[in-house]
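Commentary on secondary and tertiary structure
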Amino acid sequence: MARFHRTQRRGRLSGLLAAGLCLAGAVLSVQAQTLHRGNGAEPETLDPHRATSVASSHILRDLFEGLVTLDRAGRPVPGAAHSWTVSEDGLRWDFALRETARWSNGDPVTAEDFVAGLRRSIAPATGSYYAQMLEIIAGAEAILAGTAAPETLGVSALARHRLRIELATPAPYLPGLLSHPASFPIHRPSLAEHGKAFDRPGRLVSNGAYRLADRVLQSYVTLERNPHFHAADAVAIERVVYHSTEDIDAELARFRAGEIDWTADVPVTRMPWVRAHLADAFHAHPYLGIYYYGYNLTRPPFAGSPELRKALAMVIDRRRITERILGTGEQPAYGFVPPGIPDYNGQRPEWADWSMQQRRETARALYRAAGYSEDAPLELELRYNTHENHRKIAIAIAWMWKEALGVRTRLINEEFKVFLTTRRLRQDTQVFRSGWIGDYNDAFTFAEILHSKHGLNDTGYASARYDRLLEQAAAEPEAAQRRAYLEAAEARMLSDMPVLPIYFYTSRRLVKPHVRGWEGNIMDVHLTRYMQLQEARAP
Amino acid sequence: MTVFAFRRLAMALPTLLVLVTVAFFLMRAAPGGPFDNERVMPDTIRAQIEAAYHLDEPLWRQYLIYMGNLAQGDLGPSFRYEGRTVNELIAAGLPVSLTIGGLALLLALALGTAAGVTAALRRGKATDHLVMGLSMTGISIPNFVIAPLLILAFAVYLGWLPAGGWENAGWRHLVLPVVALALPQVAYVARLLRGSLIEVLSSDYIRTAYAKGLPTRTVILRHALRPALVPVVSYLGPAAAALITGSVVMEQIFGIPGLGRHFVQGALNRDYTLVLGLVLFYGGLIIAFNFVVDLLYGVLDPRMRQRA
């Protein structure tokens, strides 16, 4: 498929080039090769080490290149490093950098730039939300705890183009992690000169396929091709404009009017219309994320009652939710780790394959065993952050609980920051909405958030057995054994049911058919350098 | 007159002071802080960030620090937009909101006055009913309904105008948001003006003017219209402040980088300084416009000058 595209594109591209030369020269082809991407929310910053939003990360992946980058299908492939080797214990990684790699001002990209980038990302003074993700690097834990200087981080430049990363625990997923913006290099002279505000047009020096040309806050960010990029010749699109599109209905209108080639999202309420009229542009693809409800295990009624937690999980007809409420190809979730992760088999409880009838009957027995009945029903509070889909799903689930068990549920919606605060306090919450998107393509990024000491474990789940399995997996250099530990951990967790998995996410967007080289992938990462525009856009 | 102006200005300062104080403590009373996120930060990092923004200090001291900076014209750093100050954000958004809001205001005045005068002169006739019917529709349909309809018609189907965005800030990007913003105001202005003009037209001095043999045109334009504009002007004072500080809904729908979106997003992000800066700015504008309106009363209606 990929090869077919490439040959076809080459033919069209040369045709286009000839036409451009004949007609009006360079101006036309530049105009023709401008991609307009709808990008959702306003990116809060273009500093790779401070950014947290998905909107920022799309732009940053075009601007910068990590040691490793992602291909069209979202798989890690050599980026600024052309190759690497791993020691037998999985702890020492040596990277050979491309000698042709250049910053957008022509400076060479060296190992020191990556050392500086990783140190900056972890240094508490930087204030990165992703610092914890890089805690697997030797010395990072002490730096994060504030007891060691960032210079003690286990990352060193062996030579101008050779970099060594020493890890505290083996992490086979390191390449994926090194493609994340938090591990991008930094151009030290411009940071020294401009400080925090180095991410502005005219100042930002980047090492990726594009460089920053223009930015209007709350409107757009324009990037142009970086002529110094090591693979600049293979980059077809001259300019890419990232439009802030907070309102998804307005985004759809702009797509229909031909102003943007690509949307960040598709309104769920317009799905039937989109399927009927824009079928050739609509793409839905499994996405590395799970939507679930958490139980507060530190308070009644869920403390010490796995039967009740299981009963509530069993009676939910997930297919009705994914098909009737969502309807863009979401997969029902029974386990916690989404499908599509290489070398991992997602776990599911045995009742997942039972009929709804059988599940309801078993659940009723469990419910009664937990001390509830029709005369003395369970009364629950279900909290979710204000959002149309969250509300619909909560109503459906409350109804399923009532129908099957007679549970009385009170729905409480809260503004996002209020919601996060109540969830973290673990005092008022009983059942709460939650979701998680993986940072890298590995089961560990999901498993770890239910570790008893993890900051995102708002359920209060604390299983010594689960924690030990995760620690064993983290220390295990051998892939098959590591996978066995992680799968055992997930199975263990599911038998305790601290969470109620509902569905696995899909990414959905509209892409104009003239955008070639677009491919759906589980990371939902789409580097502009892989795309071409087939023909001039209508003005 | 000068005494009046000075008295009003002297009143403005304490008003703004109360406003900013109340807003400061209200913002802080909301649960959750600017750095609460779905991801959690290690404590060392959180401590460093909070110290950088003085969030680790007691609230009263944070208030004093804020007021101290404010006295020097510094609205502080934004909590959400790293490395940008609130002054900078307002300076970037204001020209955009001012352009769109200002044009919408002019359009509303021009169309509204024309429609209002026409309806008043043809009182009880078909034209009057038509104008008033249309304006009732304009008031009843909120602009978040009008805007998508305009986009559908002029951007999606006809393709004459862009559906949104702000590239190069060309005039084509202005048309739809200005029209969508102005339409409800046109309706208000038309209805207010019709009502007050009808009242003025039945007063004695208008009869005197006609009796002197003045042409209708002069009677309307010189004698009737000016006092009839008084209620319109008192409506337009606050309306102008609201138009200029930007409309949240319009900015979201058309993707306009104005001030309005900062208000809502700032509150959701707990971007304390940004919201305070905007509250202060908005408050200042309202005070300023009300002052201008009071001055205009005197210009429009000589009887008010005597009373003052």
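Just above sits the structure.
Presented here is an overview of the structure given in this document.

Some details on the overall build of chain A
A tally of helices and strands in chain A yields 17 helices and 18 strands. Taken over C-alpha atoms, the radius of gyration comes to 25 Å for chain A, in line with the 24 Å a tight globule of 539 residues would show. Its C-alpha atoms give chain A principal-axis dimensions of roughly 80 × 55 × 40 Å. Burial statistics for chain A: of 539 residues in total, 58% are counted as buried.

Let's talk about empty space enclosed by the protein
On inspection of all chains with the given rule, the structure shows 9 cavities of 30 Å³ or more. Of the pockets and cavities examined, the second largest cavity occupies roughly 50 Å³. In terms of lining, the second largest cavity is formed by A:Ser244, A:Thr245, A:Glu246, A:Asp247, A:Ala250, A:Glu251, A:Arg254, B:Gln252, B:Ile253, B:Phe254 and B:Gly255. Of all the secondary structure elements, the ones that give two or more residues to the lining of the second largest cavity are helix 8 (248-256) of chain A together with helix 11 (248-254) of chain B. Tallied by class, residues from the lining of the second largest cavity come to 3 nonpolar, 4 polar and 4 charged.

Some details on the pairing of strand 6 (residues 155-159) of chain A
Residues and elements named next belong to chain A. Taken together, the 4 bridges between strand 6 and strand 7 (residues 162-166) define a ladder with antiparallel strand orientation. Opposite Ser-156, over in strand 7, you have Arg-164 as the bridge partner. Here strand 6 hands over to strand 7 after 2 residues, the two strands then running antiparallel side by side.

Describing the sheet that holds strand 7 of chain A
Residues and elements named next belong to chain A. The strand order 4-5-7-6 describes an open sheet built from 4 strands, whose pairing is antiparallel. Pairing within the sheet leaves two strands with one partner each, and these edge strands are strand 4 (81-86) and strand 6. Ignoring which end each strand starts from, the neighbouring axes of this sheet average 25° apart. Note: strand 4 against strand 5 (residues 92-97), 5 bridges, orientation antiparallel. Looking at strand 5, one finds that Trp-84 is bridged to Phe-95. Running at roughly 175° to strand 6, helix 4 (residues 111-122) makes contact with strand 5, strand 6 and strand 7 of the sheet.

Remarks on the interface of chain A and chain B
Facing the 50 residues of chain A at the interface are 48 residues of chain B. The largest per-residue losses of area from chain A upon contact with chain B belong to A:Tyr129, A:Gln218 and A:Lys417, which jointly make up 19% of the total buried on that side. Along the contact surface separating chain A from chain B lie 4 salt bridges. Of the charged contacts, one joins A:Arg200 and B:Glu88 as a salt bridge, the two residues approaching to 2.9 Å between their closest N and O atoms. Put simply, chain A and chain B have 18 residue pairs in polar contact (both at pLDDT 80 or more) between them. Sorting the residues of the side of chain A that touches chain B by element identifies helix 5 (140-145), strand 8 (210-216), helix 8, helix 14 (416-425) and strand 15 (431-437) of chain A as the ones contributing at least two each. If you tally residues by element for the side of chain A that touches chain B, the top one is helix 14 of chain A, at 7 residues. Each residue belonging to the side of chain A that touches chain B can be placed in one class, and the counts come to 20 nonpolar, 13 polar and 17 charged.

Things to note about the packing of helix 4 (residues 86-121) of chain B against helix 10 (residues 230-244) of chain B
All names here are of chain B. Where helix 4 contacts helix 10, the two axes come as close as 7 Å, and the packing angle between them is 140°. Of the possible angle classes, the one that applies to helix 4 and helix 10 is oblique. The residues of helix 10 that touch helix 4, namely those facing Leu-94, Ser-97, Leu-98, Gly-101, Leu-105 and Leu-109, are Leu-236, Ala-240, Leu-243 and Ile-244. Looking at the contact of helix 4 with helix 10, its residues break down into 8 nonpolar, 2 polar and no charged.

A few points about helix 9 (residues 216-228) of chain B
Taking 1.5 Å per residue as the helical rise, helix 9 of chain B with its 13 residues ought to reach 18 Å, whereas the 16 Å between its terminal C-alpha atoms falls clearly short. Turning to helix 9 of chain B, its buried residues number three or more, namely B:Val219, B:Ile220, B:Ala224, B:Leu225, B:Pro227 and B:Ala228.

Considering a nonpolar patch on the surface
Residue and element names in this part refer to chain B. Taken together, the side chains of Ile-141, Phe-144, Val-145, Leu-149 and Val-249 make up a nonpolar region of the molecular surface, amounting to roughly 400 Å² of accessible area. Looking at the nonpolar patch element by element, the count peaks at 3 residues for helix 6 (residues 143-157). Mapping Val-145 onto the fold places it in helix 6. By relative accessible area, Val-145 is classed as partly exposed at 33%.

Here's the deal with the environment of B:Leu174
Residue and element names in this part refer to chain B. Along the chain, the position of Leu-174 falls in helix 7 (residues 171-201). Accessibility expressed as a relative area gives 14% for Leu-174, which makes it buried. As a C-alpha pair, Leu-174 and Val-96 span 78 residues in sequence and 9.8 Å in three-dimensional space. Setting aside its immediate chain neighbours within four residues, Leu-174 contacts Thr-99, Ile-100, Leu-103 and Trp-166.

Topic: the pattern of salt bridges
The final tally for this structure, using the stated rule, is 35 salt bridges over all chains. A:Arg215 serves as the salt-bridge partner of A:Glu42, at 3.0 Å between the closest nitrogen and oxygen. Of this pair, A:Glu42 sits in the loop between strand 1 (34-38) and helix 3 (54-63) while A:Arg215 sits in strand 8, and the two are 173 residues apart along the sequence. This pair shows no difference in class: A:Glu42 is buried, exactly as A:Arg215 is. A salt bridge links B:Asp36 to B:Arg46; its shortest N-O distance comes to 3.3 Å. Highlighted residues: B:Asp36 in the loop between helix 1 (2-29) and helix 2 (43-52) and B:Arg46 in helix 2, separated in sequence by 10 residues. Through salt bridges with shared partners, a single ionic network connects A:Glu381, A:Arg383, A:Arg410 and A:Glu414.

About the cut-offs
- Residues numbered from 1 in each chain as written.
- Chains lettered and ligands numbered in written order.
- Predicted model: local features only at pLDDT ≥ 70, side-chain atom pairs only at ≥ 80, totals over all residues.
- Heavy atoms only, no water.
- Helix = DSSP H or I, 4+ residues; strand = E, 2+ residues; numbered from the N terminus.
- Rg over C-alpha atoms; globule rule 2.2 N^0.38 Å.
- Buried < 20%, exposed > 50% of the residue type's maximum accessible area, 1.4 Å probe, protein only.
- 1 Å grid on protein atoms, 1.4 Å probe; cavity = no way out; pocket = protein on both sides within 12 Å on 5 of 7 lines; lining within 4 Å.
- Points joined across faces, edges and corners; volume = space filled by probe spheres on them.
- Nonpolar A, V, L, I, M, F, W, Y, C, P; charged D, E, K, R; others polar.
- Pairing = 2+ DSSP bridges.
- Axes fitted to C-alpha atoms, helices over the stretch in contact; angles between N-to-C directions.
- Contact = heavy atoms within 4.5 Å.
- Buried area = accessible area lost by both parts, 1.4 Å probe.
- Salt bridge = Lys/Arg side-chain N within 4 Å of Asp/Glu carboxyl O.
- Polar contact = N/O pair within 3.5 Å; in protein donor to acceptor, adjacent residues only side chain to side chain.
- Parallel < 35°, antiparallel > 145°, perpendicular 65-115°, else oblique.
- Expected span 1.5 Å × (residues − 1).
- Patch = residues over 30% accessible without salt bridge, like charges linked within 9 Å, V, L, I, M, F, W, Y side chains within 5 Å.
- Areas by Shrake-Rupley, 256 points an atom, 1.4 Å probe, with all protein chains shown as cover.

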